[in-house]
Amino acid sequence: MANILVYIDTPAAEPTKAQRELLALAAGLGTPVAAVAATEAHPAGDAAAGLGAHGAATVYIGTDGADELLVAGKAAFVAAAARAADAAAVLLPNTGEGKEIAARVGIKLSSGVITDAIGIAPDLTVTKPVLAGSYTVTARAVHGIPVVTVKPNSIDPAEPTGGAPEVVALDAGEPGPAARVTGTAAKPASRRPALQEARIVVAGGRGVDGDFGPVEELADALGAAVGASRAATDAGWIGHDAQVGQTGTTVSPQLYVSAGISGAIQQKAGMQTSTVIVAVNKDEDAPVFEIADFGIVGDLATVLPQAAAEIRRRRSE
Ligand SMILES: Cc1cc2nc3c(=O)[nH]c(=O)nc-3n(C[C@H](O)[C@H](O)[C@H](O)COP(=O)(O)OP(=O)(O)OC[C@H]3O[C@@H](n4cnc5c(N)ncnc54)[C@H](O)[C@@H]3O)c2cc1C
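Residues numbered from 1 in each chain as written. Predicted model: local features only at pLDDT ≥ 70, side-chain atom pairs only at ≥ 80, totals over all residues. Heavy atoms only, no water.

## Considerations on the site of the ligand
So, point 1. Inspection of the region around the ligand gives 24 residues, with Arg206, Ser229, Thr247, Ser262 and Asn281 positioned closest.
So, point 2. Taking Gln246, its main chain carries an N or O atom lying 3.0 Å from an oxygen atom of the ligand.
So, point 3. Note that an oxygen atom of the ligand is positioned 3.0 Å from one of the backbone N or O atoms of Gly260.
So, point 4. In the complex, the protein chains occlude 75% of the 990 Å² of accessible area that the ligand would expose alone.
So, point 5. Residue assignment for the shell around the ligand shows that the elements contributing at least two residues are helix 6 (230-234) and helix 7 (265-268). (Near = heavy atom within 4 Å. Polar contact = N/O pair within 3.5 Å; in protein donor to acceptor, adjacent residues only side chain to side chain. Areas by Shrake-Rupley, 256 points an atom, 1.4 Å probe, with all protein chains shown as cover. Helix = DSSP H or I, 4+ residues; strand = E, 2+ residues; numbered from the N terminus.)

## A look at the pairing of strand 9 (residues 147-150)
So, point 1. Burial of the side chains of strand 9 extends over both faces: Val147 and Thr149 are buried on one face and Val148 and Val150 on the other.
So, point 2. Relative to strand 9, strand 4 (residues 89-93) runs parallel, the two sharing four bridges. Following the sheet pairing, Leu92 is matched in strand 9 by Thr149.
So, point 3. With three bridges connecting them, strand 5 (residues 113-117) and strand 9 associate as parallel partners. Bridge pairing in strand 9 places Ile114 opposite Val148. (Buried < 20%, exposed > 50% of the residue type's maximum accessible area, 1.4 Å probe, protein only. Pairing = 2+ DSSP bridges.)

## Looking at the sheet that holds strand 7 (residues 126-130)
So, point 1. Spatial ordering of the open sheet is given by 6-7-8, a layout of three strands whose pairing is antiparallel. This sheet does not close on itself; its edge strands, each paired only once, are strand 6 (119-120) and strand 8 (135-139).

## Structural notes on the side chain of Ser274
So, point 1. Relative to the helices and strands, Ser274 is located in the loop between helix 7 and strand 14 (276-281).
So, point 2. Within the structure, Ser274 has its side chain in polar contact with the backbone oxygen of Met271 (distance 2.6 Å).
So, point 3. Excluding anything up to four places from it in sequence, Ser274 contacts Val251, Ser252, Pro253 and Tyr256. (Contact = heavy atoms within 4.5 Å.)

## Some details on the packing of helix 3 (residues 71-85) against helix 4 (residues 96-108)
So, point 1. Between helix 3 and helix 4, the least distance of the axes is 9 Å, while the angle of their chain directions is 55 degrees. Classified by the angle their axes make, helix 3 and helix 4 are oblique. Judged by the sense of rotation from one axis to the other, the crossing of helix 3 with helix 4 is right-handed. Touching Val71, Ala72, Lys74, Ala75, Ala76, Val78, Ala79 and Arg83 of helix 3 are Glu97, Glu100, Ile101, Arg104, Val105 and Lys108, all from helix 4.
So, point 2. Classifying every residue of the contact of helix 3 with helix 4 gives eight nonpolar, no polar and six charged. (Axes fitted to C-alpha atoms, helices over the stretch in contact; angles between N-to-C directions. Parallel < 35°, antiparallel > 145°, perpendicular 65-115°, else oblique. Left-handed = near helix turned anticlockwise from the far one by under 90°. Nonpolar A, V, L, I, M, F, W, Y, C, P; charged D, E, K, R; others polar.)

Here it is, written out as structure tokens:
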């Protein structure tokens, strides 16, 4: 069976859900093999054992400090791993960094790059949403091997198989032109799930009027990530990394709660493939209600705390 290379961005003893989704997708196409670009911030540690236990037959570990060179070192390593494995396809996470690495790997391997994938058929035809999720299309790489970035929450994650992988140390060699990182500062840790991977997102817009308290309260009751419209991030009420939409993060959770967001096309572009959309807006004509599965016409400052209280009550029963 052909080897399918999975790029592991943040190695840990237990692979993340998004990483297990990539391993499951690879297992459906051939033999999963993994490339772990160990960095100072994310050392390889026990990652190989965890990846093997979830189906990776071989784990390539980078031997040099890939994080000193932004994505250039990682891209050189992934390309080297793809060559070493004679991979038939390369799968990466659909993050900003994942897409940038994919683009560089595509050039290094003279291969086609496809982003935003939600599925890959055995003949390596890729399914992806386009035009802000209005259509689903299929695409094929017609040159080299497909280098594909895959959206999270698209595939059921791999279950443990109990396998033990072959571990191969791999030097990526010359990365080519690259910027060098001269200093880093840790981001304050959040106990909430990462926005792009979260099964539930509660997002607030201009309607929160500066107070994300009700949005955060409902998010915490649901174990959700907090998102925002660009109006809210531009106002400085929440960090730009919370922005959902065309120029922010694209999310596709099982539940997206939109609160005080009108539903402009650029906001819809980042969330309309969510499985269930609940909109809370005091204007019954707000465009967001056109794509909502459930709509509540009301003041979010009243509706969200009530919903949070009811969820907490039911959870404690
Ligand atoms: C190139 C470009 C890229 C863009 N990218 C993005 C993007 O990535 N993401 C994004 O979100 N936007 C993006 N935008 C901006 C987008 O066009 C909208 O301006 C923005 O989404 C509006 O944010 P909003 O819905 O929070 O604000 P508004 O459109 O002002 O809507 C606020 C809503 O809150 C409701 N409301 C007010 N008070 C309450 C209350 N107390 N309770 C309940 N509801 C209330 C109102 O009825 C209204 O519907 C982009 C725009 C451009 C031009």
